[in-house]
Amino acid sequence: MNTDLAFRPVRDADLPSICTFARSAEELYFLAPRARFPLDVDQLATSIAQRSDSRVVCRGDQVRAFANIYKREQGACYVGNVAVAPQARRQGVARFLMQQMARLASARYAASELRVSCFNRNTAGLLLYSRLGYTPFALEERLDGQQQPIVLIHLRLPLAAT
Ligand SMILES: CC(C)(COP(=O)(O)OP(=O)(O)OC[C@H]1O[C@@H](n2cnc3c(N)ncnc32)[C@H](O)[C@@H]1OP(=O)(O)O)[C@@H](O)C(=O)NCCC(=O)NCCS
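Residues numbered from 1 in each chain as written. Predicted model: local features only at pLDDT ≥ 70, side-chain atom pairs only at ≥ 80, totals over all residues. Heavy atoms only, no water.

Asks: How do you make sense of the pairing of strand S3 (residues 62-73) when you look at a structure like this?
Replies: The side chains of a regular strand alternate, first on one face of the sheet and then on the other. In this structure, strand S2 (residues 52-59) lies alongside S3, joined through six bridges in antiparallel fashion. Among the inter-strand pairings, Ser52 is bridged to a residue of S3, identified as Ile69. Linking S2 to S3, which pair antiparallel, is a turn of two residues; within it Gly60 sits at a positive phi near 60 degrees. Where S3 lies against strand S4 (residues 76-84), seven bridges are found, and the strand directions are antiparallel. In the sheet register, Glu73 faces S4, and the bridge partner there is Ala76. (Pairing = 2+ DSSP bridges. Helix = DSSP H or I, 4+ residues; strand = E, 2+ residues; numbered from the N terminus.)

This is the structure:
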């Protein structure tokens, strides 16, 4: 399954395509709460520069998903900016992306845990992480762009020692 997918470091030429992944202000908020909709190359390049290990998933020459690591602390790698192209969703692309990010975290940083954070209104994201075995360990109250209460759910996945 999904043997046609490739995982590699992001390139400058990928950025315009990644900017189209968030279809709405709400989707962009889910993957980059501080960004302004629509995402543009400048905002994305700034996020990439502030983070590490930005990676894409490709099918052929098409970029289909994006993620990176925004923090490393006490054996945990924090994965963020997770997004899949709208036309590639529900095909196992995010599953593949997160499996590859876990392999990267183990191999490069000897991480014992992967962490992600997901807003309570993001049903697809929560079901994705739940399906992959992540479990919630903390809730954080935030205000969204309309100053309405929203909950950021912090989840983790232990990584097998290699
Ligand atoms: C959330 C997101 C990354 C999922 O990407 P995806 O490639 O469609 O996910 P996958 O196909 O790998 O799904 C794996 C599993 O997650 C769950 N899942 C993913 N999307 C789902 C949806 N829309 N509804 C219900 N379950 C869903 C399912 O269990 C799915 O397995 P199945 O298809 O065998 O039932 C994608 O919808 C997205 O980019 N959303 C906008 C940005 C965002 O929310 N990013 C996450 C920030 S925390």
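Asks: How do you make sense of the site of the ligand when you look at a structure like this?
Replies: Neighbouring the ligand are 21 residues; Val82, Arg90, Gly92, Arg95 and Asn122 lie closest to it. Measuring from an oxygen atom of the ligand, one finds a backbone N or O atom of Val84 at 2.9 Å. Those elements giving two or more residues to the shell around the ligand turn out to be helix H2 (25-31), S4, helix H4 (93-109), strand S5 (113-119) and helix H5 (123-131). Here the shell around the ligand is composed, by residue class, of twelve nonpolar, five polar and four charged. (Near = heavy atom within 4 Å. Polar contact = N/O pair within 3.5 Å; in protein donor to acceptor, adjacent residues only side chain to side chain. Nonpolar A, V, L, I, M, F, W, Y, C, P; charged D, E, K, R; others polar.)

Asks: I keep staring at the packing of aromatic side chains and nothing clicks. Help me out?
Replies: How two aromatic rings sit relative to each other is given by the distance of their centres and the angle of their planes. In the structure shown here, the tally under the stated rule is three aromatic pairs. In this structure, Lys71 packs its charged tip against the face of Tyr78, placed 4.5 Å from the ring centre. The lysine or arginine in question, Arg156, covers the ring of Phe137, its NZ or CZ lying 4.5 Å from the ring centre. (Phe/Tyr/Trp six-rings, centres within 6.5 Å; stacked < 30°, edge-to-face > 60°. Lys NZ or Arg CZ within 6 Å of the ring centre and 35° of its normal.)

Asks: Before we go on, may I ask you to explain the nonpolar core in this structure?
Replies: If you look at soluble globular proteins, the nonpolar side chains tend to sit buried side by side. Membership of the largest hydrophobic core comes to 49 residues, with the highest contact counts inside it found for Val79, Met98, Leu114, Tyr129 and Tyr134. Per-element tally for this core: the top contributor is H4, with nine residues. Leaving out residues up to four positions away in the same chain, Tyr134 has contacts with Met98, Leu114, Val116, Tyr129, Leu155, Arg156 and Leu157. Among the nonpolar cores identified, the runner-up in size contains five residues, and Tyr29, Phe119, Ile150 and Leu152 belong to it. (Core = buried A, V, L, I, M, F, W, Y, C linked by side-chain atoms within 4.5 Å. Buried < 20%, exposed > 50% of the residue type's maximum accessible area, 1.4 Å probe, protein only. Contact = heavy atoms within 4.5 Å.)

Asks: I keep staring at the pattern of salt bridges and nothing clicks. Help me out?
Replies: Pairing is possible between side chains that carry opposite charge, provided their charged atoms lie close to one another. A complete count under the given rule lists eight salt bridges for this structure. For Glu27, the salt bridge identified is with Arg23, shortest N-O distance 2.7 Å. A salt bridge links Glu113 to Arg115; the nearest nitrogen and oxygen atoms lie 2.6 Å apart. Glu113 gets classed as buried once you look at its relative accessible area, which sits at 16%. Given a relative accessible area of 18%, Arg115 falls into the buried group. (Salt bridge = Lys/Arg side-chain N within 4 Å of Asp/Glu carboxyl O.)

Asks: How do you make sense of the state of the cysteines when you look at a structure like this?
Replies: In a disulfide, the sulfur atoms of two cysteines are covalently bonded to one another. Per the counting criterion, the structure on display carries zero disulfides. Looking at Cys19, it has no disulfide partner, and the nearest cysteine sulfur is the one in Cys58, 15 Å off. Among the residues examined, Cys19 registers a relative accessible area of 12% and is labelled buried. Cys118 provides the cysteine sulfur closest to Cys77, a residue in no disulfide bond, and the two sulfurs are 19 Å apart. Accessibility expressed as a relative area gives 1% for Cys77, which makes it buried. (Disulfide = S-S within 2.5 Å.)

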